[in-house]
Amino acid sequence: MRLSLSLSTPHSSFLRFTTLSPTPPMASGSNSLVWFRKGIRIHDNPALEYAAKGSSYLYPVFVIDPRYMEPDPTAFSPGSARAGVNRIRFLLESLADLDSSLRKLGSRLLVAKGEPGEVLFRCLKEWDIKRLCFEYDTEPYYQALDIKVKNYASAAGIEVFSPVSHTLFNPADIIQKFPSLSDDMYGSFDETSEKNSGRPPSSYQSFLKIAGQPSWASSPLSTTVSLLPPVGIVENCGISNVPTLQELGYEDSGQDELTPFRGGESEALKRLRGAMDDKEWVAKFEKPKGDPSAFLRPATTVLSPYLKDVQKNVKSHTLPPVSLLGQLLWRDFFYTAAFGTPNFDRMNGNRICKQMEFLRKLFGQTSFIRVLLHFEKISSTNTNIRIEELAHVAPCDIVFQWNKRSQTTKITHLAMASWDSSQIPWNVDDELLAAWRDARTGFPWIDAIMVQLQKWGWMHHLARHCVACFLTRGDLFVHWEKGRDVFERLLIDSDWAINNGNWLWLSCSSFFYQYNRIYSPISFGKKYDPNGDYIRHFLPILKDMPKEYIYEPWTAPLSIQTKAKCIIGKDYPKPVVSHDTASKECKNKLAEAYELNKTRNGAVNEEDLKILRRKFEENQSQEPKSKRLKNKS
DNA sequence: CTGCCGTTGGGATA
DNA sequence: TATCCCAACGGCAG
């Protein structure tokens, strides 16, 4: 049984589910359009099924949206402004596969190009469409777009069917069920919505409690369409076949190693069946135990119906959160959080995200600029000023610390006095970001993962954790939004809700807060792959480095470096930071930011401020000096 | 308010 | 490989 959305209410987030009537009324001779977006598949696709039912002509459409697909030569890697070429290739392969599946059913895929709303309006009109079907989408971009489309359709008297079929649950449903604690504390979720007291669960456990057993666990497998109505006459809408990369204006990148993953439903089903046949593997699956350096382990794309049977038939299986079923529920967890959180993909205006900006507004770049000068008091009137390290100059307030015993004054903090409030709070160092992005941090484990991302568009989950932690709270303290953008562009399995959710998680901005647990860019990979085979594969420049040094090649004696034909600082970069000192700095910064977030929305009074300052001064004066190793060869 | 727990930390020890 | 300690967060149940 499938669920359909009633479209009578304007508040899409809280639409009620209604059961689909088995034989929908349909005037004979009417045309339907099914609009493909995320779910590029023919199986388990209620929008397609409904569109096919009783229609004399069916138009299956995919719109190539310039927002995602327009070539952008100024981007840091080949592709459009938002999507790398791997992602675009993957999408085109998926479309080609869909087209081939549709053709087997007597139909074909119609590819149009342009702003999706405008394209659709034209098609609906030109082809005299009476019924429009597309999968419901919770992403803000589609939420806004779909409202426009639905409004147009209802004004034109077109029936719209937009089922929730991308997730196991309807996120709005979960949010409604979740008890609201105190609306005053958090503000209402959406002011335009009348009865909207619910907020998404903030922990996985509380999510599970609400979600319970997914309904599909007891429902039969979805039927597959065996024949589709023909495509009618296609005119005036710029329809083409599925284009190639070249036809879209992308040049042959000439990359030496392409992603081994092919796009398309057929490939996904093949991979799924292969995995599901191994019942032992499914039952014993434990997420954290995977080996992030085992790069030939396939990424499994999972469709729910197949999982169900295996889950039932094997007695001792693992449980959520680490089980395979648990992974699907995690997906829904992030979808729910993303749907129920305004500005989920930003720090500013995101109520579940730690606001590091208060740190900056009050203290400036405390950790990175501190101990610039030494003041030595010679007499009551004269002072010696010695510059020790001058990293940055900006208009600032100076915080002194007087040491009685040594009779010296030390500058411990520089608080930006004229700091722009729109300034982003995390590090805005583009050089550090570029080093991370372009795989030249000098940490082979990190760089190898980033090369795999560039080439394959996929890395192991824990490998993603390592590089995300390293970029943000672990070492470089670069804003998680910057890393999010890079992942979104390069990952072929990139997904708005899950990607943003995980960056919030890994940066300790939301969901997860144990900021002292930092992945070591040296020892974490070593634990799984002591020989460094993974590094040797993706960073061939290091292939002859002895395993004793391959995770820390800068510690290798010059003779070893020479023998390995890899001089550090010349053939491969020195580390951009010292992990030991940088990670301590990061912990301090997080501690400060958390402390400031505790006080009501950053409304700190002057007394609190003094206490906090003293606290951090004591804490930081014991810490080692900030170190940014220069990486000039 | 307290104590327990949290999909995946590091390091030492046995 | 398993267990303990480190240090010490927020969410949640009692």
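Provided above is the structure to which this section pertains.
Residues numbered from 1 in each chain as written. Chains lettered and ligands numbered in written order. Predicted model: local features only at pLDDT ≥ 70, side-chain atom pairs only at ≥ 80, totals over all residues. Heavy atoms only, no water.

## A short note on the nonpolar core
Phase 1 of the analysis: Counting 88 residues, the largest nonpolar core has Phe 207, Trp 436 and Leu 476 as its most contacted members.
Phase 2 of the analysis: Take this core: its biggest share by element is nine residues, from helix α12 (residues 324-339).
Phase 3 of the analysis: By size, the runner-up hydrophobic cluster in this structure holds 56 residues, among which are Tyr 68, Leu 109, Val 149 and Val 160. (Core = buried A, V, L, I, M, F, W, Y, C linked by side-chain atoms within 4.5 Å. Buried < 20%, exposed > 50% of the residue type's maximum accessible area, 1.4 Å probe, protein only. Helix = DSSP H or I, 4+ residues; strand = E, 2+ residues; numbered from the N terminus.)

## Topic: the packing of aromatic side chains
Phase 1 of the analysis: Enumeration according to the criterion identifies 37 aromatic pairs in this entry.
Phase 2 of the analysis: With 4.5 Å between their ring centres and 10° between their planes, Tyr 59 and Trp 127 make a pair best called stacked. In this pair, Tyr 59 sits in strand β4 (residues 57-64) while Trp 127 sits in the loop between α4 (116-126) and β6 (129-134), placing the two residues 68 residues apart along the sequence. The same class applies to Tyr 59 and to Trp 127, which are both buried.
Phase 3 of the analysis: Between Trp 505 and Phe 512, the ring centres sit 5.9 Å apart and the planes meet at 5°, which makes this aromatic pair stacked.
Phase 4 of the analysis: A relative accessible area of 21% means that Trp 505 is categorised as partly exposed.
Phase 5 of the analysis: Of the residues examined, Phe 512 reaches a relative accessible area of 17% and is grouped as buried.
Phase 6 of the analysis: What links up through ring pairs into an aromatic cluster is the set Phe 169, Tyr 204, Phe 207, Trp 330, Phe 333, Phe 334, Trp 505, Phe 511 and Phe 512.
Phase 7 of the analysis: Against the face of Tyr 141 rests Arg 67, its NZ or CZ located 3.8 Å from the ring centre.
Phase 8 of the analysis: For Arg 489, the ring lying beneath its charged end belongs to Phe 76, and the centroid distance is 5.3 Å. (Phe/Tyr/Trp six-rings, centres within 6.5 Å; stacked < 30°, edge-to-face > 60°. Lys NZ or Arg CZ within 6 Å of the ring centre and 35° of its normal.)

## A few points about the protein's contact with DNA strand C
Phase 1 of the analysis: DNA strand C sits among Ser 202, Ser 203, Ser 206, Lys 209, Lys 354, Tyr 513, Gln 514, Tyr 515, Asn 516, Tyr 594 and Lys 598.
Phase 2 of the analysis: Close to the protein, within 4 Å, the atoms of DNA strand C are drawn from sugar and phosphate at a rate of 83%.
Phase 3 of the analysis: Asn 516 is positioned with one of its side-chain polar atoms (N or O) 3.5 Å from a base nitrogen of DNA strand C.
Phase 4 of the analysis: Looking at the surface near DNA strand C, the elements with two or more residues in it are α8 (204-211) and α23 (579-598).
Phase 5 of the analysis: Residue composition of the surface near DNA strand C, grouped by class: three nonpolar, five polar and three charged. (Near = heavy atom within 4 Å. Polar contact = N/O pair within 3.5 Å; in protein donor to acceptor, adjacent residues only side chain to side chain. Nonpolar A, V, L, I, M, F, W, Y, C, P; charged D, E, K, R; others polar.)

## A look at the state of the cysteines
Phase 1 of the analysis: Scanning all chains against the criterion turns up zero disulfides.
Phase 2 of the analysis: Considering cysteine sulfurs only, Cys 469 is the nearest to Cys 586, which forms no disulfide, with 8.4 Å between them. (Disulfide = S-S within 2.5 Å.)

## Some details on the pattern of salt bridges
Opposite charge on two side chains permits pairing when their charged atoms draw close.
Phase 1 of the analysis: All told, the structure shown has 17 salt bridges when counted by the stated rule.
Phase 2 of the analysis: Notably, a salt bridge pairs Lys 38 with Asp 137, separated by 2.7 Å at the nearest N-O pair. Of this pair, Lys 38 sits in the loop between β3 (31-36) and α1 (46-52) while Asp 137 is found in the loop between β6 and α5 (140-155), placing the two residues 99 residues apart along the sequence.
Phase 3 of the analysis: A residue is classified by how much of its surface remains accessible, and Lys 38, at 24% relative accessible area, is partly exposed.
Phase 4 of the analysis: Through salt bridges with shared partners, a single ionic network connects Lys 38, Asp 137 and Glu 139. (Salt bridge = Lys/Arg side-chain N within 4 Å of Asp/Glu carboxyl O.)

## Here's the deal with α8
Phase 1 of the analysis: A large share of α8 lies buried, amounting to six of its eight residues.
Phase 2 of the analysis: Within the sequence span of α8, burial applies to Tyr 204, Ser 206, Phe 207, Leu 208, Ile 210 and Ala 211.
Phase 3 of the analysis: Trailing α8 by a residue or two, Gly 212 shows a phi angle of about 60°, which is positive.

## Observations concerning the sheet that holds β3
Phase 1 of the analysis: If you trace the five strands from one edge of the open sheet to the other, you get β5-β4-β3-β6-β7, paired in parallel fashion. One side of each edge strand has no neighbouring strand; the edge strands of this open sheet are β5 (110-113) and β7 (159-161). Pairs of neighbouring strands in the sheet enclose a mean axial angle of 25°, with direction left out of account.
Phase 2 of the analysis: The sheet strands contacting α5 are β3, β6 and β7, and the helix crosses β6 at an angle near 160°. (Pairing = 2+ DSSP bridges. Axes fitted to C-alpha atoms, helices over the stretch in contact; angles between N-to-C directions. Contact = heavy atoms within 4.5 Å.)

## Examining the environment of Ile 541
Phase 1 of the analysis: Tracing the chain through its elements places Ile 541 in the loop between α21 (533-538) and α22 (558-563).
Phase 2 of the analysis: Put simply, Ile 541 and Tyr 572 are 31 residues apart on the chain and 7.4 Å apart in space, counted from C-alpha to C-alpha.
Phase 3 of the analysis: When near neighbours in sequence (up to four residues on either side) are disregarded, Ile 541 contacts Ala 564, Lys 565, Cys 566, Asp 571 and Tyr 572.

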